[in-house]
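Summary of structural features
Residues per chain, in single letters:
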Amino acid sequence: MKSVLVTSSLLALSAGAHAEERFALFDLGSLDTLVALGASDQVVGYPKQATPNYLSSLEEGDYADLGGLKTPDLDALAESEPTLIVYTGRQNEHKEALEAIAPLFDAGLTGDDYLAAFDDNVRTLAEHAGLESEAEDALETLHNEIETQREALADAPRTLVVTHNDGNYSLNEHPVIHDVLGVEKQEMPESVETETFGERSFTRLSPEAIAEIDPERVLVIDRSAAIGQKPLDADELRQQLEEAGAANAEVAVLSPALWYLSGGGLQSLSLQIDEVVSALGTEPEA
């Protein structure tokens, strides 16, 4: 798949959007959207310690390091003098401190329609950057590619998506895979229970439970690797599945930072689609 790049609740500031906007970003998807639209010169800073590989070219630019995704450096943020701060739920506990520095835009993708929320975010960022036409061109290209890949994935192998965290696994019904690309979700056996902690629910999956689900592909989002902890040993997982009776399940580990820290941007969504198509062994007809 060709990367979607253009060469050249949504908040509207009372002064209006304009090309002189100064973006401070705590959402990597929004950062990659602005880069794709050609607005990297309007970015004043982002959390550099979380930068995924596909945005490594930004290391050459003069951007403020704004700390971590969950631990903003408020002093560095204030010194960068942003006119708009883009944040998500990861920074909710710092929301009051952030809005004391500059107006906020919540880039969290919520609601039942992931792609519609994604489109709204791209259009809102483009409006603030003065690049509405470029955004429409990029979205048209992306949507056409999504339709092509949805058709190619219509006969995809039975696919289970799991999150790995410190040797444990849980169900991950990722919207890019199941909603955007239309890959069918797998039914959970009666032996599998969902636990709720506060507002979040977790469906833990043992190798035995995965074997009972009987997928042909297991796609793994490795949270541990994304946050700098011990990464998944894919060979160990394959052995565990074989011993549990799922010897035919093929395991593919997705790019950790792309799937756990980033996503929701023009570049990251394009790259995620590429990875899913590659992992499921499907290619559209020429």
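In the block above lies the structure referred to throughout.
Keep in mind that this is a model prediction, so the values were computed, not measured.

Here is what the cut-offs are and how they apply
- Residues take numbers from 1 onward in each chain, read along the sequence in its written order.
- Selection of residues for local features in this predicted model requires a pLDDT of at least 70, selection of side-chain atom pairs for listing and counting requires 80 or more, and totals for whole chains, interfaces and linings are taken over all residues.
- Remark: hydrogens and water are excluded; side-chain values derive from all non-hydrogen atoms of the structure.
- Pairing of aromatic side chains requires ring centres within 6.5 Å, counting the rings of Phe and Tyr and the six-membered ring of Trp. Pairs whose planes differ by under 30 degrees are stacked, by over 60 edge-to-face, and all others tilted.
- Geometrically, a charge over a ring is one whose NZ (Lys) or CZ (Arg) sits within 6 Å of the ring centre while staying within 35 degrees of the ring normal.
- In this description a helix means any DSSP run of H or I spanning at least four residues, a strand means any run of E spanning at least two, and both kinds are numbered starting from the N terminus.
- The cut-offs for exposure are 20% and 50% of the maximum accessible area for each residue type, with area from a 1.4 Å probe on protein chains only; residues under the lower value are buried, those over the upper are exposed, and the others partly exposed.
- Under this definition, polar contacts are N or O atom pairs within 3.5 Å; protein pairs additionally need one hydrogen-donor-capable and one acceptor-capable atom, and for neighbouring residues in sequence, both atoms have to be side-chain atoms.
- Between two residues, a contact is recorded if the distance between any of their heavy atoms is within 4.5 Å.
- What makes two strands pair is DSSP finding at least two bridges between them.
- Note on geometry: axes are C-alpha line fits, over the in-contact stretch for helices, and angles between N-to-C directions span 0 to 180 degrees.
- Oblique is the label for every angle not falling under 35 degrees (roughly parallel), over 145 degrees (roughly antiparallel), or within 65 to 115 degrees (roughly perpendicular).
- Helix crossings fall into two classes, left-handed where the near helix is turned counterclockwise from the far one by less than a right angle and right-handed where it is turned clockwise.
- Under the grouping applied here, Gly and all other residues not named as nonpolar or charged are polar, the nonpolar ones being Ala, Val, Leu, Ile, Met, Phe, Trp, Tyr, Cys and Pro and the charged ones Asp, Glu, Lys and Arg.

**Observations regarding the packing of aromatic side chains**
Throughout the structure, instances matching the rule amount to one aromatic pair. Over the ring of tyrosine 260 we find arginine 90, and its NZ or CZ is 5.3 Å from the ring centre.

**Section: the side chain of serine 80**
Mapped onto the elements, serine 80 comes out in the loop between α2 (74–79) and β4 (84–87). Its relative accessible area of 8% is what places serine 80 among the buried residues. From its side chain, serine 80 meets the backbone oxygen of leucine 77 in a polar contact 2.6 Å long. Serine 80 has contacts with Arg22, Val44, Ala64 and Leu66, leaving out every residue within four places of it along the chain.

**Some thoughts on the sheet that holds strand β1 (residues 23–25)**
Strand order in the open sheet made by the five strands is β3-β2-β1-β4-β5, with parallel pairing throughout. Each edge of the open sheet is held by one strand with a lone partner, namely β3 (64–65) and β5 (104–106). The pairing of β1 with β4 spans three bridges and is classified as parallel. Looking across to β4, one finds that alanine 24 is bridged to isoleucine 85. Running over the sheet, helix α1 (residues 28–36) touches β1, β2 (43–46) and β4 and is turned about 140° from β1.

**Considering the packing of helix α5 (residues 132–152) against helix α11 (residues 266–279)**
Contact geometry for α5 and α11: axes closest at 11 Å, N-to-C directions at 15°. Taken as axis vectors, α5 and α11 run roughly parallel relative to one another. Seen from above, α5 lies across α11 with left-handed handedness. Note on element contacts: α11 touches α5 through Leu266, Leu269, Ile273 and Val277, opposite Ala138, Leu139, Leu142, Ile146 and Gln149. Per-class residue counts for the contact of α5 with α11 are eight nonpolar, one polar and no charged.

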